Protein chains: 2
Amino acid sequence: MVTLAEVAQHAGVSASTVSYVLSGKRSISTTTRQRVEQSIRELGYHPNAGARALASSRSNIIALMIPLRTDMYVPVMMEIAIAVATTARLHGYDVLLLTGEEGPDAVRRVTGSGLADAMILMDVELEDERLPLLRQTDQPSVLIGLPATTSGLTCVDLDFGATGALCVEHLAKLGHRDIAVIGEAPAVYERHTGFAERTLDGLRSRARELGLRVLHRPCEGGYDAMTVTLARIFDERPGTTGFVVQNESAVEPLLALLRQQGRAVPEDVSVVAICPDQVAVQASVRLTSVAIPAQEMGRYAVEHLVAKLDGRGGDDVVLIAPELTVRASTGPAPAGS
Amino acid sequence: MVTLAEVAQHAGVSASTVSYVLSGKRSISTTTRQRVEQSIRELGYHPNAGARALASSRSNIIALMIPLRTDMYVPVMMEIAIAVATTARLHGYDVLLLTGEEGPDAVRRVTGSGLADAMILMDVELEDERLPLLRQTDQPSVLIGLPATTSGLTCVDLDFGATGALCVEHLAKLGHRDIAVIGEAPAVYERHTGFAERTLDGLRSRARELGLRVLHRPCEGGYDAMTVTLARIFDERPGTTGFVVQNESAVEPLLALLRQQGRAVPEDVSVVAICPDQVAVQASVRLTSVAIPAQEMGRYAVEHLVAKLDGRGGDDVVLIAPELTVRASTGPAPAGS
DNA sequence: ATTCGCTGTCGAAGCGCTTCGACAGACTAT
DNA sequence: ATAGTCTGTCGAAGCGCTTCGACAGCGAAT
C-alpha cells in the first residue's frame, strides 16, 4: 500500500506539499505540482480513506437509508438509489447503503461514528421516529418524502397534491364526470406515509371545484384484490368512466379486467396512472401517467447535501411539480354517459 | 463528539482497557467491563469509524457494485442489495454502494484507499474487465454471476444450466414435445453476460436427451416485440405447446397475446418462467416458475466474505440448485398435439 | 537600499483508535 | 518458601493524513 510519505519522497518534496497538491488548499508551483502528480501516477497512489477521515473529520460519504420492504415502489427506489450514487460520485462522495431496519439507531450510529457526512432518508412517515434525531444533530440531511412538520428539515418530494389535481383535471377536460381512484394498499394508509393522503386530498378538492364525483378505494395489488375492488366500484357507480391508479401493481390487473368485461380503453373508460414511466410504457395499454421523478429527487438530494457541506444553502422544502404525459389510455368520455 | 479517552476517564480506566472491552480481544474483569459499558451508555459513545479504520486497517465496510442499467432485473438486484445490506449488518459490516459506471476504476479506488474490506460484484460479464484486478489484490471478493474462467475467484449464481434443464423436464413430463424459449433481449446475449447462454445450453442438451424440439427466440420486452416474436414462433412451429420465458418483461405480454389468440393457459399451452417469485405470483396467470434466489445469493456472498476476512474459507464456486414451483400456468399437453 | 507582502514549501502536532509489550498481583504446583 | 503461570490492566507507539504556523526567497514599493 502506497502512502503519502512515499509519494513525497519519490517526488522529492514534503508530505504536506503532496497533501496540498491533492486538496488544492494552498497554491503550489506548476513544476512541483506536475512532479507530484507524476509520482502519484507512477506509484498508483490512493489516499487512505480512514486516515483522511480521521484527520479532516470528513468521510466523503453520504448515507442513504432505503426501506427494507421490497413490496412497493421497487423500481422507483432503485432509480433513486442509482441517481444518488451517480450524483454523489460526481461530487467526490461515496454512498453508504443503510436499510430502514435499524430505524433511529442507524441514524445515531452514523452521526455518532462519523461514518458519513450526511444522510438521505427515504420512506419517511408523517411522525417518523428519526426526525427528532435529525433535528438535534448538525449533520445535514435530506428527506425524500414529506413528514407532518418540516421545520428545521430539508425535504424533496413529488407534489402529490398537485398530482392528484392534475389527474382529475385531465379527466375532467375529457368530459369524465364519475371518477374512481384505485389507491394504495390499506397498509400504506395505516402506515401514514403521507403521499397517498396528499394525492387524495389534492384530487378531491380539485374534483369538488370541477363538480366531479370521486370514489376512492384502497387496493392491494394483484388480480384477486382488483377483481373485488372493481366489481364494487361499478356496483356503486355504474357510470364510472375515469380511473386514477396509484398502485403500480394494480395497473395491469385493472387493464386486464376491463378488457375482459368488454370495456375498451380508452373508448369506454380512461385510465390515468401515477407510476414510473417504465411501468406506464410497458403496460398492455400505454398509459397516460404522471411520472414519479425518481432521478430528479435523488439528484436534488445529493446536490443539496453537497452544497450544505460546502457551507452553502439552508433548509428547504422542494415539491416537484407533476407532469402528466398523455399516452393511449385516456380519451373523451363516451357520449352516452 | 465523545471519544474513547473521555469514556476511559469517566470509567476511571485507561483508554486501552476501554478498547479491549469493545473488541473483546483481551479478557477484562466483569466489574471493569460493566463500569466501562455503563460509561459508554451514559455518554452515548460511538467509536469513530475513521480512527478505527486507520488504526486497525479495517473499515468494516463491504462494497457492493450494482449495474447502472435499470432496464433489467431491477427487483432481483434490489432484493440482492437488501439481502447484502441486512446480512452485512448482522455481522457488523456496513455496505458501500457503487455503480458499475466507474468500472475497473472503482475497484482500484476501493482497494487502494481501504474504503472497504471486501467487494461484491454483480452483473459480471464473461470477460469482465474487473477480474484481473480482483485476482491481483488480496482483498476478498465475491462475484454474483459466472465469468468465463473462475480460477482464483469466488462466485455464486443460480445454476442456470440446471435451470434450463429443469424447465424442459417439467414440460416433457407433461407431454409437451415442441418447446419455444423466449429469451432475453438480443443485447443481453451480445453483452456476454453468460447466464442466458448457460440456460439455453442446459435446456437444449436435456431436450435432446428427451427427444424434444426446441425453438429459441431472443425477445425485447413489451407487447410489440412479443407480438412479432410469437407470430414467428407459431408460424415456424404451429404445434408448439410449451413455453419457457426468461425475460420478465415478456411474461405479461406473452400471456395477454395467448389469451387474445384464444389459446388457454394451461389447457392449450403451458408456460414456465424464470423470474422472481413476486413476478410469478402477480402475473395474470400464476406462473409455474424457477425463482431467482436473490436473497440467498446476497446472503451467501456476505457470509463468504465475512468468513474470509476472519481467515476462514477459500475460493469457491457455488451454483445454487434451481427449484421449480408448479403453479397454474402448466398442465398436460393437449391430446391432439 | 530597505521594507513589505507574496508565493511556495516545510516541519510538527494531532485526529481517535488499536495493539504490543510490560508488569503487578493472585494463584497453583512444587 | 520458591518459581512458574495466569489474569487484568496500563502506557506508549503509531496508523496516514490534514492543517497550522513558520519562513525562505523574490519582486514591488518606498
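You'll find chain A entered in an unreviewed UniProt entry as LacI family transcriptional regulator, with Streptomyces fuscichromogenes given as the organism.

What follows covers the protein's contact with DNA strand C. The environment of DNA strand C is made up of 26 residues, and the closest members are Thr17(A), Thr32(A), Leu4(B), Arg26(B) and Tyr45(B). Near the protein, within 4 Å, the atoms of DNA strand C are sugar or phosphate in 55% of cases. For DNA strand C, a phosphate oxygen lies 2.2 Å from a polar atom in the backbone of Leu4(B). Going through the elements one at a time, α2 (15-23) and α4 (49-56) of chain A together with α2 (15-23) and α4 (49-56) of chain B are the ones with two or more residues in the surface near DNA strand C. If you tally residues by element for the surface near DNA strand C, the top one is α4(B), at four residues. Per-class residue counts for the surface near DNA strand C are 11 nonpolar, 11 polar and four charged.

Attention shifts here to the pairing of strand β9 (residues 270-274) of chain B. All names here are of chain B. With respect to burial, β9 is a largely interior element, five of its five residues being buried. Strand direction decides the pairing type here: strand β8 (residues 242-245) and β9, joined by four bridges, are parallel. Bridge pairing in β9 places Phe-243 opposite Val-271. Following the chain from β8 across helix α12 (residues 248-260) to the adjacent parallel β9, one finds a crossover that is right-handed. Following the chain from β9 across helix α13 (residues 277-282) to the adjacent parallel strand β10 (residues 288-290), one finds a crossover that is right-handed.

This next bit is on the relation of the copies chain A and chain B. For the pair chain A and chain B, the superposition axis carries a translation of 0.1 Å, the fit reaches an RMSD of 0.1 Å, and the rotation angle comes to 180 degrees. In short, the pair behaves as if placed about a two-fold rotation axis. In this assembly the copies share their binding face: 100% of the residues contributing to the interface of chain A also contribute to that of chain B.

Residue and element names in this part refer to chain B. Between its first and last C-alpha atoms helix α8 (residues 160-173) spans 20 Å; for 14 residues at 1.5 Å apiece the expected length is 20 Å, and the two agree. One side-chain oxygen at the N-terminal end of α8 lies 3.3 Å from the backbone nitrogen of Gly-161; it belongs to Asp-159. Two residues or fewer after α8 comes Gly-175, characterised by a positive phi angle close to 95 degrees.

We now examine the protein's contact with DNA strand D. As a matter of local geometry, DNA strand D sits amid 27 residues, with Leu4(A), Arg26(A), Tyr45(A), Thr17(B) and Thr32(B) nearest to it. A breakdown of the atoms of DNA strand D within 4 Å of the protein gives sugar and phosphate a share of 55%. Taking Arg26(B), its side chain carries an N or O atom lying 2.8 Å from a base oxygen of DNA strand D. No other element matches the five residues that α4(A) contributes to the surface near DNA strand D.

What follows deals with the sheet that holds β10(B). All names here are of chain B. If you walk across this open sheet you meet the six strands as β7-β6-β8-β9-β10-β12, and the pairing is mixed. With one partner strand each, in any of the chains shown, β7 (213-217) and β12 (324-325) form the two edges of the open sheet. As defined by bridge partners, β10 adjoins β12 across two bridges and the pair is classed as antiparallel. For Val-290, the partnering residue across the bridge sits in β12 and is Leu-324.

Criteria and thresholds
Residues numbered from 1 in each chain as written. Chains lettered and ligands numbered in written order. Predicted model: local features only at pLDDT ≥ 70, side-chain atom pairs only at ≥ 80, totals over all residues. Heavy atoms only, no water. Near = heavy atom within 4 Å. Polar contact = N/O pair within 3.5 Å; in protein donor to acceptor, adjacent residues only side chain to side chain. Helix = DSSP H or I, 4+ residues; strand = E, 2+ residues; numbered from the N terminus. Nonpolar A, V, L, I, M, F, W, Y, C, P; charged D, E, K, R; others polar. Buried < 20%, exposed > 50% of the residue type's maximum accessible area, 1.4 Å probe, protein only. Pairing = 2+ DSSP bridges. Right-handed = clockwise from strand over helix to strand, strands pointing away. Least-squares fit on C-alpha atoms with pLDDT ≥ 70 in both. Contact = heavy atoms within 4.5 Å. Expected span 1.5 Å × (residues − 1).

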